[in-house]
Amino acid sequence: MNYRHIYHAGNFADVLKHAVLARLVTYLQQKEKAFRVLDTHAGIGLYDLSSEEAQKTGEWRDGIGRLLEGDLPAPIAAILEPYLATVRELNPDSELTRYPGSPKLVRMLFRPQDRLSAMELHPDDYETLHRLFDGDFQSRVTELDGWLALGAHLPPKEKRGLILVDPPFEIEGEYERLADGLAKGYRRFAGGTFCLWYPLKKNAPIKAFHEALKALEIPKMLCAELSVRSDRETTGLSGSGLIIVNPPFTLKGELDLLLPFLKTRLGQDRFASSRCFWLRGEEAATRGLD
């Protein structure tokens, strides 16, 4: 309940998460049928990078700030276009002062038929998010523990959907809780695309977390990780990862291009690294999604 994403908005972890999220939305839009995005830990939706909080840490400068410095190779620019188009739309004067959180990002990418359900438990953040989407019939904001939404709000009535689970990881046991949450959500909505975010830091139980996910025996599960520095000299965030369940068949190839580029552009020391691999089901994922 104490977490405030404004201190971290636009950092390297947001870049990876939001670039992939935008790709998932655009993939779902290849079919005319409507879909719903369920954002379980939505935050406030839009962040002021000129605020005292964002300026105090300046994390965005080593994230979205670096990404926008200099030209992008054409293949990378194409992959990042949906994501960066929203950032540029929010900053028409080229000065980077506003950054979209996940709910704002997906909403800006929506077609008229697509829908958003955004969950936020913190009362102040809920009120801010509610004001941001007030009067928007395509978006529903609910003051709710996002973990409960994986049961109560699935499956969506559209029968097509993307579920983003992005908890703050401020208490013990969140990796286990993330695996349990996926198990619950997948049981209710096996055809959905799930995107789970997790931190990489010193002594994080990543191997055990991955083993717990594999034990769920979900057929199609892709992992992408980006570390920007060594975790030896810090107790803070050194990288982040994403688990994508039911990924689009093109995503692995895109990440194989994108992650090495992000490692070079966003890396902070010589220990920066990236990897993309299948936890389960490479051959099954080539069939695509309904």
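Use the structure listed above.
Residues numbered from 1 in each chain as written. Predicted model: local features only at pLDDT ≥ 70, side-chain atom pairs only at ≥ 80, totals over all residues. Heavy atoms only, no water.

A closer look at the side chain of R36
Then comes step 1: Tracing the chain through its elements places R36 in strand β1 (residues 36-39).
Then comes step 2: In contact with R36, not counting residues within four places along its chain, are R115, L116, S117, P156, K157, E158, R160, G161 and L162. (Helix = DSSP H or I, 4+ residues; strand = E, 2+ residues; numbered from the N terminus. Contact = heavy atoms within 4.5 Å.)

Some points on the state of the cysteines
Then comes step 1: Taken as a whole, this structure holds zero disulfides when the rule is applied.
Then comes step 2: Here C223 stays unpaired: no disulfide links it, and the sulfur of C276, its closest cysteine neighbor, is 7.5 Å away.
Then comes step 3: You can call C223 buried: its relative accessible area is 0%.
Then comes step 4: By relative accessible area, C276 is classed as buried at 14%. (Disulfide = S-S within 2.5 Å. Buried < 20%, exposed > 50% of the residue type's maximum accessible area, 1.4 Å probe, protein only.)

Some points on the pattern of salt bridges
Then comes step 1: As enumerated under the stated definition, the model contains 12 salt bridges in all.
Then comes step 2: With a shortest N-O distance of 2.5 Å, D166 and K17 are connected by a salt bridge. Of this pair, D166 sits in the loop between β6 (161-165) and α8 (174-188) while K17 sits in helix α1 (residues 12-28), and the two are 149 residues apart along the sequence. Taken as a pair, D166 and K17 share a single burial class, namely buried.
Then comes step 3: Salt-bridge contacts for E158 lead to R36; the nearest nitrogen and oxygen are separated by 2.9 Å. A residue pair is termed long-range when its members are at least 10 positions apart, and E158 in the loop between α7 (146-152) and β6 and R36 in strand β1 qualify at 122 residues.
Then comes step 4: In this structure E158 comes out as buried when scored by relative accessible area, which is 11%.
Then comes step 5: Bridged by salt links that share partners, the residues D14, K17 and D166 form one connected network. (Salt bridge = Lys/Arg side-chain N within 4 Å of Asp/Glu carboxyl O.)

Regarding the packing of aromatic side chains
Then comes step 1: On inspection of all chains with the given rule, the structure shows six aromatic pairs.
Then comes step 2: When the centroid spacing of 5.9 Å and the interplanar angle of 90 degrees are considered together, the rings of F35 and F110 count as edge-to-face. Of this pair, F35 sits in the loop between α1 and β1 while F110 sits in the loop between α5 (102-109) and β4 (115-119), and the two are 75 residues apart along the sequence.
Then comes step 3: Ring geometry for Y175 and F209: centres 5.6 Å apart, planes at 65 degrees, overall edge-to-face. A residue pair is termed long-range when its members are at least 10 positions apart, and Y175 in helix α8 and F209 in helix α9 (residues 206-214) qualify at 34 residues. (Phe/Tyr/Trp six-rings, centres within 6.5 Å; stacked < 30°, edge-to-face > 60°.)

Thoughts on the sheet that holds strand β9 (residues 237-245)
Then comes step 1: Across the sheet, which stays open at both edges, the eight strands sit in the order β5-β4-β1-β6-β7-β9-β8-β10 with mixed pairing between neighbours. The open sheet is flanked by β5 (139-142) and β10 (273-280), the only strands paired with a single partner. The sheet shows a mean angle of 15 degrees between the axes of neighbouring strands, direction not considered.
Then comes step 2: Relative to β5, β4 is paired through four bridges, and the arrangement is parallel. (Pairing = 2+ DSSP bridges. Axes fitted to C-alpha atoms, helices over the stretch in contact; angles between N-to-C directions.)

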